Amino acid sequence: MSEARKDQLDCEINRINQNQKMNQERIEVRGDGTMLNINMMTKMLTKEKTKMMAKVTAETKTEAKTAIDIERRSKKESGQVGQSASWDEGRLRNGVKLKSKVQSYLKRAGKSAGVLALFIGTMAMAVSLATRTGLPGQAWLGLLNPELQAAPTAGRCFNPQAEKPKLLVIKAGKILTMAGPPIEQGIVIVEGDKIKAVGKELSIPEGAEIIEEPEGWVLPGLIDVHSSLGLVDERGQSENEELSEPNVAQLDVLDGFYPFDRRTAQAKASGITAALICPGRRSVIGGQAAVVRLKGQTVDEMKMLAPAGVKFSIGEGPKQAFGSKGRLPSTRMGNIYVIRQALLEAREYADQWAAYNESLAKARKEKKSATTIQPPRRDLKLEALAKVVRGELPAFIECYRIDDISGAIRLVDEFKLKAVFIGCAEGYLVAGEISKRGIPVIIGPMGIGPKRAETENVAISNAARLHKAGVKIALESETQYGLAALEELPLVAALAVRGGLSEEEALKAITINAAEIIGAGDKIGSLEPGKQADLVIFSGNPLDYQTRVKKVIMGT
């Protein structure tokens, strides 16, 4: 290649480098003390340069080969005559072509850099704008990508008014707050996900949506306090019992929870807005329970309290599950033994951790090295039970017959447990003993009768007699026993009324009492300002079998 040709290529490459340097700009966007620095060291320019250089190199090789072929043909035809003139003429033509192509590539690179600069400038302005208006990160990303903006998890569109929670006003014939006397012709004001106000003659906020139900009854969302919702997979297979061993305290129901269980929509349509999800009754220690709100599409969106306690079971369930395999436990004695042994080990585990933490604190206080102080080995099973022994988590003990209830009472006394009894079909026989220890009871079932050995002596007056003795009670739906549909939870309360319980206490047993027993009374269970806006509008008295659910509201 001639010197002139080399000079021409060097000149073009220098122009490319200069163009890239000019586009390595620094853009600063300032807004409310926020600076965004963007260095346009773009890979796009580098790719364009590399591509063009490859093209130039290929073009040069092609030209050189063409020139050599022409020169050889000329030698043959004219014996070297006119060689210099032909070569110069061809070189000139090819140089013009090369220059034209290089200029074309440079124009393309410049356009790419311009597009990139425009995009980055737009992003910078969006970030600055988001900072000044207080938009979250997801929102300003939504400005740049409408598809993200339209997605359920994306931020809201840029509109300051849209950030304000929506207001909803419910005017109803009767409002049962479960925190005071009924309010006739009352008003509930909901703002976003919370209850803003409840009363009789409240001022209506401007722009609020109004629901008028002059004959309707408004109650807090109902609560099912012993449920297996979400623990059945989409094929109908149960996921609420791990029967590989009698003690599986380390298991968490949320790890097997299925948010799209079709029964969840059924429960919500019947006025149930929250539930205590429990492991089944056939493991002696079945795992950790959780409180969920029936709103959301993921476990974390629905979770309200987890763990809410550890589930224990005393009675026929574990006997049948393990006794049939020739394994412990096969008797009621075996049930109690498994629990007692597990709690003794958990107490020792808790003491080891307490001693470790005490040693660490002492070393820090005395400014000594703590490297020689080794923590106990973690055991997830004992860790869950240690919280029960320390009183940090309640023990939900499922027991029905008087012998099972008595065994549960002895365990409560021995380990000073914070306990809740579930079932307690014969609880009325020892109502005084249960009340003396302040043990709440989740009562059920009422309609199964002698079909099961554990419920042969069930009495419809059980709830009334326990309440009369001073026991705080809640009522569970009987779907766990295959007796009734979720829609019939208010009818379970009606049966308790037939057995002597007042209507007010029966409704408390499926709302505020239920919430307090499962540890969620500060969030749900009553219509009070600041609580979750979970409420149900009934067509009349919820305890009447003809009453239907007209509307379920869970925030705006």
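This text goes with the structure placed above it.
Residues numbered from 1 in each chain as written. Predicted model: local features only at pLDDT ≥ 70, side-chain atom pairs only at ≥ 80, totals over all residues. Heavy atoms only, no water.

Once that is clear, we can look at the packing of helix α9 (residues 332-365) against helix α10 (residues 380-389). Look at α9 against α10: their axes get within 8 Å of each other, and the N-to-C directions meet at 90°. The orientation of α9 with respect to α10, classified from their angle, is roughly perpendicular. Listed contacts from α10 to Ala342, Leu343, Glu345, Ala346, Arg347, Tyr349 and Ala350 of α9 are Leu382, Glu383, Leu385, Ala386 and Val389. (Axes fitted to C-alpha atoms, helices over the stretch in contact; angles between N-to-C directions. Helix = DSSP H or I, 4+ residues; strand = E, 2+ residues; numbered from the N terminus. Parallel < 35°, antiparallel > 145°, perpendicular 65-115°, else oblique. Contact = heavy atoms within 4.5 Å.)

Right, let's talk about the pairing of strand β6 (residues 209-220) for a bit. Here strand β3 (residues 167-175) pairs with β6 via seven bridges, running parallel. When the bridges of β6 are listed, alanine 172 appears paired with glutamate 213. (Pairing = 2+ DSSP bridges.)

Here we take up the sheet that holds strand β4 (residues 183-191). Backbone-to-backbone hydrogen bonds pair the strands of a sheet. The strands run either parallel or antiparallel. The strand order across the open sheet formed by six strands is β5-β4-β3-β6-β15-β16, and the pairing between neighbours is mixed. Bordering the open sheet on either side are β5 (194-199) and β16 (549-554), each of which pairs with just one other strand. In this sheet, adjacent strand axes meet at a mean angle of 40° when their direction is disregarded. Looking at chain direction, β4 and β5 are connected through five bridges and run antiparallel. Within the sheet, the bridge partner assigned to valine 188 lies in β5 and is valine 198.

Let's shift gears to empty space enclosed by the protein. Scanning the entire structure with this criterion turns up two cavities of 30 Å³ or more. For the second largest cavity, the calculated volume is near 50 Å³. Every residue lining the second largest cavity is listed: Pro220, Gly221, Thr273, Ile524, Gly525, Ser526, Gln532 and Asp534. (1 Å grid on protein atoms, 1.4 Å probe; cavity = no way out; pocket = protein on both sides within 12 Å on 5 of 7 lines; lining within 4 Å. Points joined across faces, edges and corners; volume = space filled by probe spheres on them.)

Turning our attention to the sheet that holds strand β11 (residues 395-399). An order of β7-β8-β9-β10-β11-β12-β13-β14 is seen for the eight strands of this open sheet, with the pairing classed as mixed. The sheet is open, and its two borders are formed by β7 (222-227) and β14 (473-475), each paired with just one other strand. Across the sheet, the mean angle from the axis of one strand to that of its neighbour is 25°, orientation sign disregarded. As judged from the three bridges shared by strand β13 (residues 441-443) and β14, these two strands associate in the parallel manner. When the bridges of β14 are listed, valine 441 appears paired with isoleucine 473. Contacts from α10 reach β9 (285-293), β10 (303-313) and β11 within the one sheet, and its direction differs from that of β10 by about 90°.

Our focus in this paragraph is the pattern of salt bridges. Counted under the stated rule, the structure contains 29 salt bridges. Residue lysine 311 is joined to glutamate 398 by a salt bridge in which the shortest nitrogen-to-oxygen separation is 2.8 Å. Taken together, the positions of lysine 311 in strand β10 and glutamate 398 in strand β11 put the pair 87 residues apart, joining distant regions of the chain. On the basis of relative accessible area, lysine 311 is assigned to the buried category, the value being 1%. The class for glutamate 398 is buried, based on a relative accessible area of 2%. (Salt bridge = Lys/Arg side-chain N within 4 Å of Asp/Glu carboxyl O. Buried < 20%, exposed > 50% of the residue type's maximum accessible area, 1.4 Å probe, protein only.)

Here we come to helix α14 (residues 489-498). Within α14 the residues assigned to the buried category are Leu489, Pro490, Val492, Ala493 and Ala496. Buried residues of α14 fall within an arc of 155° about the axis and therefore sit on the same side. Of the residues flanking the end of α14, it is glycine 500, one or two places downstream, whose phi is positive at about 120°. (Arc of directions from axis to C-beta.)

A word on the environment of alanine 459. Within the secondary structure, alanine 459 sits in the loop between β13 and α13 (462-468). The class for alanine 459 is buried, based on a relative accessible area of 16%. Linking alanine 459 and alanine 496, residues 37 residues apart in sequence, is a C-alpha distance of 9.9 Å. With near-sequence residues (within four places) excluded, alanine 459 lies in contact with Ala425 and Tyr428.

On to the environment of isoleucine 405, then. Relative to the helices and strands, isoleucine 405 resides in helix α11 (residues 402-415). According to the relative accessible area criterion, isoleucine 405 is buried, its value standing at 0%. Apart from the residues lying within four places of it in its own chain, the contact partners of isoleucine 405 are Cys399, Tyr400, Phe421, Cys424, Glu426, Gly427, Val430 and Ile434.

Across six bridges, the pairing between β9 and β10 is antiparallel. Its bridge partner lying in β10, alanine 289 is registered against glycine 309.

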